[in-house]
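Overview (structure and organization)
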Amino acid sequence: QLDWEQAQQEAKQRDKIILGYFTSSIQDHEGPRMFERGVFADPAIKSFGDSDVVLFCHVMSKVPGRDNDDMRRIARSRSLPAVVYFNSDGSWLYRQPITHPTKTTLADLKAHTEALKIERRHKRAAAGMEGVTPPPPAELLHAEMLLRRPNLKYPEAKKRHSELKEIPPELAASMAARLLRMEL
């Protein structure tokens, strides 16, 4: 999707998160091209967009009179390329770190999307939305740790982790590693 308003409309209709990719036509370095040849060249990106998110792409050009060239403000990003997640109303959710363009994979995008869905489910359940059950505490804590939420500090994460009655095996190693990173 290349139209911001249409991306929001589609996300509302499908009850999906928007995954926005922001880049610039005036950047002349290998980083964005490497990222695009990696993640966005993966054939599985289409099915991910069809089933899990609404994909949105914006290329800033600085061409006078071009609509929406101020999208960097919406993305809250000083550097490009940027991957940013939004609610269907266009409100900002999360900016995915792209520390090295060749190391960010479709699996990373999927993991962050799942973490954002868990947070959204938690918020909806807390607001009393009918038919929404809260995620298990281990899933919520893992999501918050993966997304590196600034309000989640090491002492609280360690306490919540120690209070968990059950940690699914697929989350145990990841949570332990994230706790260690938070401690350092």
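It should be noted that the structure appears before, not after, this text.
Residues numbered from 1 in each chain as written. Predicted model: local features only at pLDDT ≥ 70, side-chain atom pairs only at ≥ 80, totals over all residues. Heavy atoms only, no water.

Quick notes on the pattern of salt bridges
- Applying the stated criterion to the full structure yields ten salt bridges.
- Across the pair aspartate 50 and lysine 46 runs a salt bridge whose closest N-O atoms are separated by 3.0 Å. Placement of the pair is aspartate 50 and lysine 46 together in helix α3 (residues 44-51), with a separation of four residues, close to one helical turn.
- Residues participating in the shared-partner salt-bridge network are Asp15, Arg120 and Arg124. (Salt bridge = Lys/Arg side-chain N within 4 Å of Asp/Glu carboxyl O. Helix = DSSP H or I, 4+ residues; strand = E, 2+ residues; numbered from the N terminus.)

Thoughts on the environment of serine 91
- Its place among the elements puts serine 91 in the loop between β3 (82-86) and β4 (92-96).
- Considered as a pair, serine 91 and isoleucine 18 are 73 residues apart in the sequence and their alpha carbons are 9.8 Å apart.
- Not counting residues up to four positions away in its chain, the partners in contact with serine 91 are Tyr85 and Phe86.
- One polar contact links serine 91 to aspartate 89, side chain to side chain, over a distance of 2.6 Å. (Contact = heavy atoms within 4.5 Å. Polar contact = N/O pair within 3.5 Å; in protein donor to acceptor, adjacent residues only side chain to side chain.)

Remarks on the side chain of aspartate 52
- Mapping aspartate 52 onto the fold places it in the loop between α3 and β2 (53-60).
- Polar contacts involving the side chain of aspartate 52 include one to the side chain of lysine 117, which spans 3.0 Å.
- In this view, aspartate 52 contacts Arg14, Lys16, Thr113, Glu114 and Lys117; residues no more than four positions away in its chain are not counted.

Remember that the coordinates give geometry; whether it matters functionally is a separate question.
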